[in-house]
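Each chain, written out:
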Amino acid sequence: MGKILVLSICLVRFRALKKKSFFLLSFLLVFSVLLFACNSINLVGGPLSSDPIYGNGGSAVVKGDYLYFANAFVDYNSISNNDNKYDEDSAQKIYGIYRTKLNQVGGVDLNDEGKREGVELLTYNVGGFAYAGLYIFGDYLYYATPYTVATNTGDLTYGLVRIDRVRLNGTEHEEIYNISNYSAEASYDLVSVDNVVYIVSRDADNKLIVVSVNGGNKREVINIDGATSFAVFEQNNIVDGDTVQDINKYVYYTRQDSETSTYFLCRRPLAGGDERVLYRSSSELLVENVKNDKVYFTEDGVLKSFGQENLLTYTPTIYTNITIASSASSITDYLILDKSLGSAGIDRGILGVYFDGTNYAVTYYNGDVIREIEILEDSTKEVTLIASQGNEFYYQVADDTSLYKCTLSFAIDGNRYTISSCSEPVVIATDFSYTVNSTEMIDFDKDRIFVYLQEEGDALNYLHMYMIDEKVSYVDETEGNIISRYIGLKQE
């Protein structure tokens, strides 16, 4: 609409000019439009505004039957301060963000020559890097992209992160917010509440900043020094008509008083407002997650949570000591299980890997409910929990390249859940790895798993997809192994 308005105003002015001036300005107008158009992207078709969104926050996200993804992985140390421009001539656009339409079973197809078709470039900027994050809110894709700056001495600072956005058809690209001091210790997340998008970041100096994006208006609403951790609610999936519960309309964070060494668990409204202290301790506090309409945190390694029901009483629910360690009598890994759709407020507990010094055991914890899940053939091999969603969880075992899926069955015991049974493990990937350039990169949505892989003959690591449902998995026709499929375009 903005381009049309400017063009109309120019044409009105032309009518008042002499013929010679008219031709001169017409030439300049055409030249400027062509110059602008050389970088424009305007894709046809796409998802409906009301279509559900799955998989926010990773290297790929789905809306309706369209998949938006970061095509290839790049080491941000290779991005110079003049690179990663929004330009069709950019040498980095192979690492950019693309879209493709999914087939009837939610997968992607190859043509008779084994190549992908129907893949379209959405933005020239890099999307695939160590701190990748793609989010869809409404009709816009928000994404993290790396940038590099030169210091006063001429040295380069690599690995900085900027948040950009673009319409889902590729138009209206805009730079939104620069996280100017980023490193592996920093983090960011994006959520949408009441049609306002919030960019939440904690930089390398522990400064917590929240920026609200309301249409075309952007403003900083929170700026806090000394935040030792933070979390906003897990908004991986968005279904049209869903409402955000009040407990999820805050940023939760921890800080420490420098004089008393007391730790505080606090929250502020995402839209800005006063701090409220929820919990204090002489032991270290860290926010772990906000999901299931609960706030999960650790106190000296013990996992606890606040829900709406106990937030006002300052008495958190206690799970178990989840101090991650390789020593005896410790939990080496854990997952917070998703809530049940039919029983709001009833906790589903956590899944942990308990190590007694010799053997590993996948164990369910929910208050005083503790139950081992007997799925391991060799308990002396270390177990890594990869992810969980719904009633399913995914894991790997040391010296075994397969990725396994198990489905849990629950029963209610009093006012809490317990596990009644667990399915036999199912292989959903035969040779599974999610490490690229020494960086762990893995992304899930409800139907797919995404990892970066470099196949034989490839110069780059391209985003690949596994299907979670073993009935529609990609299978190697010669050996029968469950394999992945690359989903984008490869460099010629």
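In short, a report on the structure.

Scoring rules and cut-offs
Residues numbered from 1 in each chain as written. Predicted model: local features only at pLDDT ≥ 70, side-chain atom pairs only at ≥ 80, totals over all residues. Heavy atoms only, no water. Pairing = 2+ DSSP bridges. Helix = DSSP H or I, 4+ residues; strand = E, 2+ residues; numbered from the N terminus. Axes fitted to C-alpha atoms, helices over the stretch in contact; angles between N-to-C directions. Buried < 20%, exposed > 50% of the residue type's maximum accessible area, 1.4 Å probe, protein only. Contact = heavy atoms within 4.5 Å. Core = buried A, V, L, I, M, F, W, Y, C linked by side-chain atoms within 4.5 Å.

### Notes on the sheet that holds strand β21 (residues 302-307)
And step 1. The strand order across the open sheet built from 4 strands is β19-β20-β21-β22, with neighbouring strands paired in antiparallel fashion. Among the strands making up the open sheet, the edge pair consists of β19 (285-291) and β22 (317-321). Between one strand and the next, the sheet's axes are offset by a mean angle of 25 degrees, whatever the strand orientation.
And step 2. Direction of pairing for β21 relative to β22: antiparallel, over a ladder of 3 bridges. Counted as the bridge partner of Val302 is Asn321 from β22.

### What to know about the environment of Leu208
And step 1. Note that Leu208 resides in strand β13 (residues 208-214).
And step 2. Judged by its relative accessible area of 0%, Leu208 falls in the buried class.
And step 3. Leu208 sits 20 residues away from Tyr188 along the chain, and the two C-alpha atoms are 9.4 Å apart.
And step 4. The residues touching Leu208, leaving out its near neighbours within four places in the chain, are Val200, Ser201, Arg202, Ile222, Asn223, Ile224, Ala227, Phe230, Val251 and Tyr253.

### A word on the environment of Asp65
And step 1. Tracing the backbone through its elements, the reader meets Asp65 in the loop between β2 (60-63) and β3 (66-70).
And step 2. Accessibility expressed as a relative area gives 33% for Asp65, which makes it partly exposed.
And step 3. In the structure, Asp65 is positioned 41 residues away from Gly106 in sequence and 7.3 Å away in space, judged by C-alpha atoms.
And step 4. Leaving out residues up to four positions away in the same chain, Asp65 has contacts with Thr100, Lys101 and Leu102.

### Description of the nonpolar core
And step 1. Residues Phe129, Leu141, Val161, Tyr188 and Leu190 are the most contacted members of the largest nonpolar core, which totals 68 residues.
And step 2. Considering every element that reaches this core, the biggest residue donor is strand β8 (residues 140-150), with 6 residues.
And step 3. Those residues in contact with Phe129, other than ones at most four positions away along the chain, are Phe73, Val74, Tyr76, Ala144, Thr145, Pro146, Val161 and Met441.
And step 4. Counting residues in hydrophobic clusters, the runner-up holds 34 residues, among them Val193, Tyr198, Tyr250 and Leu285.

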